Every structure is written in structure tokens, then in C-alpha cells.
Amino acid sequence: MNEQSSGQTAPAAPGAAVSVDVPAKINPHLGVGGARADGYHELSTVYQAISLYDTVTVERRGEEGGGPGIELTLSGEGADLLPTGEDNLAVRAAKLMALYAEVEPDVRIHLNKRIPVAGGLAGGSADAAATLVACARLWRVEIGDAELRRLAAGLGSDVPFCLNGGTAVGSGRGEELRQVESGGTWHWVVATTETQISTPECYKEVDRLREDGIGRFSADVEPIVRAFEAGVGADVLAHLLVNDMEAAAVSLRPQLASLMHGGLEEGALAAHVSGSGPTVLFLASDVKHAVALARRLRMRGGARSIHLARGPVPGPAA
Ligand code: C5P
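Computed from a predicted model, the values in this text were never measured in an experiment.

Trainee: Pulling in residues and values, what's your account of the overall build of the chain?
Mentor: Each helix and strand counted, the chain has 10 helices and 12 strands in total. The C-alpha radius of gyration of the chain comes to 20 Å, within 12% of the 20 Å expected for a compact globule of 318 residues. Summarising its shape, the C-alpha atoms of the chain cover approximately 60 × 45 × 35 Å along the three principal directions. Burial analysis of the chain (318 residues in total) assigns 53% to the buried set. A total of about 13,400 Å² of accessible surface is found on the chain, and carbon and sulfur atoms cover 50% of it. Averaged over its 28 positive side-chain charges, the chain has a centre that lies 4 Å from the centre of its 39 negative ones.

Trainee: With reference to specific residues and values, describe the site of the ligand.
Mentor: Close contacts around the ligand come from G39, Y40, H41, L43, G156, S157, R173, T199, P200 and Y203, and that covers them all. Here an oxygen atom of the ligand and a side-chain polar atom of S157 are 2.6 Å apart. Within the backbone of R173, one N or O atom sits 3.0 Å away from a nitrogen atom of the ligand. Contact with the protein chains covers 73% of the free accessible surface of the ligand, which is 460 Å². Taken together, the elements giving at least two residues each to the shell around the ligand come down to β3 (41–60) and α5 (199–211). Per-element tally for the shell around the ligand: the top contributor is α5, with 3 residues. Residues of the shell around the ligand, tallied by class, amount to 4 nonpolar, 5 polar and 1 charged.

Trainee: Can you explain the pattern of salt bridges? Please cite residues and give values.
Mentor: It is possible for side chains of opposite charge to pair when their charged atoms get near one another. All chains considered together, the criterion is met by 19 salt bridges. With a shortest N-O distance of 3.7 Å, D212 and R208 are connected by a salt bridge. Several salt bridges converge on common partners, so that one network encompasses E59, R61, E71 and R108.

Trainee: Describe unusual backbone geometry, naming the residues involved and giving the relevant values.
Mentor: Following G277, the chain continues to P278 via a peptide bond in cis, the omega torsion being 5 degrees. Its place among the elements puts P278 in the loop between β10 (270–273) and β11 (280–284). The step from G311 to P312 runs through a cis peptide bond, and the omega angle for that step is 5 degrees. If you check the backbone angles, A122 has positive phi at about 65 degrees while not being a glycine. The residue A122 is located in the loop between β5 (106–113) and α2 (123–138) in this model. Assessed through its relative accessible area of 12%, A122 is described here as buried.

Trainee: Lay out the packing of aromatic side chains with the relevant residues and their values.
Mentor: Taken as a whole and assessed by the stated rule, the structure comprises 2 aromatic pairs. Centroid distance Y47 to F161: 4.6 Å. Interplanar angle 10 degrees. Geometry classified as stacked. Of this pair, Y47 sits in strand β3 while F161 sits in helix α4 (residues 159–164), and the two are 114 residues apart along the sequence. Since its relative accessible area comes to 1%, Y47 is described here as buried. Taking the relative accessible area as the measure of exposure, F161 reaches 1% and is therefore buried. Seen in terms of ring centroids, W186 and F228 are 5.0 Å apart; in terms of plane orientation they differ by 80 degrees. Their pairing is edge-to-face. Remark: F228 occurs in helix α6 (residues 222–230) and W186 occurs in strand β8 (residues 186–192); sequence separation between them is 42 residues. Here W186 matches F228 in class, with each residue buried. Positioned over the ring face of Y40 is R173, at 5.0 Å from the centre of the ring.

Trainee: Residue-level account of helix α1 (residues 89–101), with values.
Mentor: Taking 1.5 Å as the rise per residue, α1 with 13 residues should run 18 Å; its terminal C-alpha atoms sit 18 Å apart, in good agreement. Within α1 the residues assigned to the buried category are L89, A90, V91, A93, A94, M97 and A98. Turning to α1, the residues buried within the fold contact β4 (69–76), β5, α2 and α3 (145–155). Where α1 starts, the residue carrying a side-chain oxygen 2.9 Å from the main-chain nitrogen of A90 turns out to be N88. Positive backbone phi, at 55 degrees, marks E102, one or two positions downstream of α1.

Rules used in this analysis
- Residues numbered from 1 in each chain as written.
- Predicted model: local features only at pLDDT ≥ 70, side-chain atom pairs only at ≥ 80, totals over all residues.
- Heavy atoms only, no water.
- Helix = DSSP H or I, 4+ residues; strand = E, 2+ residues; numbered from the N terminus.
- Rg over C-alpha atoms; globule rule 2.2 N^0.38 Å.
- Buried < 20%, exposed > 50% of the residue type's maximum accessible area, 1.4 Å probe, protein only.
- Areas by Shrake-Rupley, 256 points an atom, 1.4 Å probe, with all protein chains shown as cover.
- Lys, Arg positive; Asp, Glu negative; His and termini not counted.
- Charge placed at Lys NZ, Arg CZ, Asp CG, Glu CD.
- Near = heavy atom within 4 Å.
- Polar contact = N/O pair within 3.5 Å; in protein donor to acceptor, adjacent residues only side chain to side chain.
- Nonpolar A, V, L, I, M, F, W, Y, C, P; charged D, E, K, R; others polar.
- Salt bridge = Lys/Arg side-chain N within 4 Å of Asp/Glu carboxyl O.
- Phe/Tyr/Trp six-rings, centres within 6.5 Å; stacked < 30°, edge-to-face > 60°.
- Lys NZ or Arg CZ within 6 Å of the ring centre and 35° of its normal.
- Expected span 1.5 Å × (residues − 1).
- Contact = heavy atoms within 4.5 Å.

Below is the structure:
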């Protein structure tokens, strides 16, 4: 984090800015249970933060900058696809922190997007987590970890993990976390697609397939947790990846199957839909293999963009 402000107790002066880098997340294990009474699905998941980052900068507007209010600007690939008003989770995060701190929100938020937009990589949740952290620093809010996590959970199921980063088991609707000490680093090639899948749409498709007897709840995360703790090789990890939403994502967007198949043909150790998709993750044996695999996938075509990432990496509040 870069902090260009001074003073210890008063809110930073107008014009002061705080920048926070926040990583994307993947779910090497995503077990989806039945729908609960509140409409959410019970999850048994393992999250991991990977090295694709958005940068969130918050700056006090001051009178000459327009006075009270929240203003959001965006840059980076796909930024034009995102809302800039109340629908943007970063705006809601700034409002929530202002409410908690009992301060007038007077902030300009800038999101520099490098996490592929609408991809199943939790970019929106990551921006919300980083905005909470950045606004707390900007306004010098005294807030404990538990309170910060409670605010984060109110913004979305993935937001608490996005604060932490690293590797964690998620339960409940994804917001109850147990951090895992990881014994290694793994390398991924991340392939985004032209298509989009809304998260609720994908959960509904999981329910529909279950009614037809297709798929079941993969509740047991322990094998992959032990693998991460032990720092196993990627060849071992390849056999432990689970995504109960994969069949639903492929059912909604059948073209994902050929992308996944293509990556395996090019030598990926595993192909894994990221969250509710449509981004596809390819596991590589090491960084050299990842670079070669990315090059082959770019030449093959069929993806919107190809990125290299490693995980786990720390989150903004770690
Ligand atoms: O929590 P979040 O706002 O990110 O969730 C977006 C949507 O995804 C929810 O409104 C719900 O339809 C679905 N969801 C779910 N079960 C979860 C998490 C999300 O059904 N555990």
C-alpha cells in the first residue's frame, strides 16, 4: 500500500490519497450444496488469491474537488463494461465505511482494472474489499478485524476472503473463513472468454441439473487443503481440483468445453472453470511451463485474453 497522507488521528487532508493493490481469487475446490431458505447456497470451498491485481485509489475531494459525495472513475481493460453508480460494489463499500465511521463520504475512487471483468475471478468483490481498506486508512477509522469482516460480508459472499488473500477454506455462503498455511506456489494460465455468465444464473443451473440427478455436493475439502499445506507438485494438485459449478457453466455456455479441451491438448495439467465462469484456469507444472502454455493458447485462439498468474498471494488487509 502507498499512503501519501500525514497526521495520525485526524482524517487525511483534502487531496490526500491511499492506493491499495488487491488480487483476484480462484476456487481450487468449489463444493455447492442445496439452496438455503435465504436463497444462498451452502458452500464448502477453498479460495486462493492469485497474482492478477486491481489497484484501488481513494482520494479526499475537498471543497475545490466537488465537496461531499462519492465519485467513481475506472480505467483498464473492460472498465467500460462496469457501472459507475450505486451498482458498483466499490461505491457501496465506501458508503458502508463512511456510515460505520460516521464521516461524510467525500471521496473520489479510481479503479485501475487488471483483473478480467465479469470472469468468475471476483474482481468486483476484490475492489469492494480494497475500497473498505483504503477508505479506513484515508479516514483513519479505528476498526477491528471482526468488524471489517462483518462489513465485507454485507457486501458479498466473496468479499471477506478478498480482504485476507492467501488460501482459505470458506463455508456458510462463502463468508466464514479458515485461513490455510500454504507450503508452495502454483502457476496458472488464465483464459477469459467473450461470453458472460451471471453468478445467480449459474447457481440456478446447478439447481436445475441437480433436479435431473446430475451432480452432487463435494463437501470434503480436506484432501486439497492437506495438499496445499504440504506444498504438493502441480501434477498432484491437478487431480484434486473440484468445481461443482463446472457442469452448470458448460451447460450454459457449451463453448467452454472446447476451450478446456484445447488447453489440455496443449499440455495443461488440468482445466478448471473459475468460480461460476466463464474464465477457465489451466494448471501448469511451473512458471516455464506456464509461459509456454500461454504462448500456445494465444496461437491457438478461442480465448478473449490469456494471463499468467501464480498463487497464493496476500490480500490487501494481510
Ligand atoms: O454474495 P453475492 O452478492 O456475491 O452473491 C451473488 C448471488 O450469487 C446471490 O444473490 C445468489 O443468487 C448467488 N449465491 C448463492 N450462494 C452463495 C453465493 C452466491 O446462491 N453461496
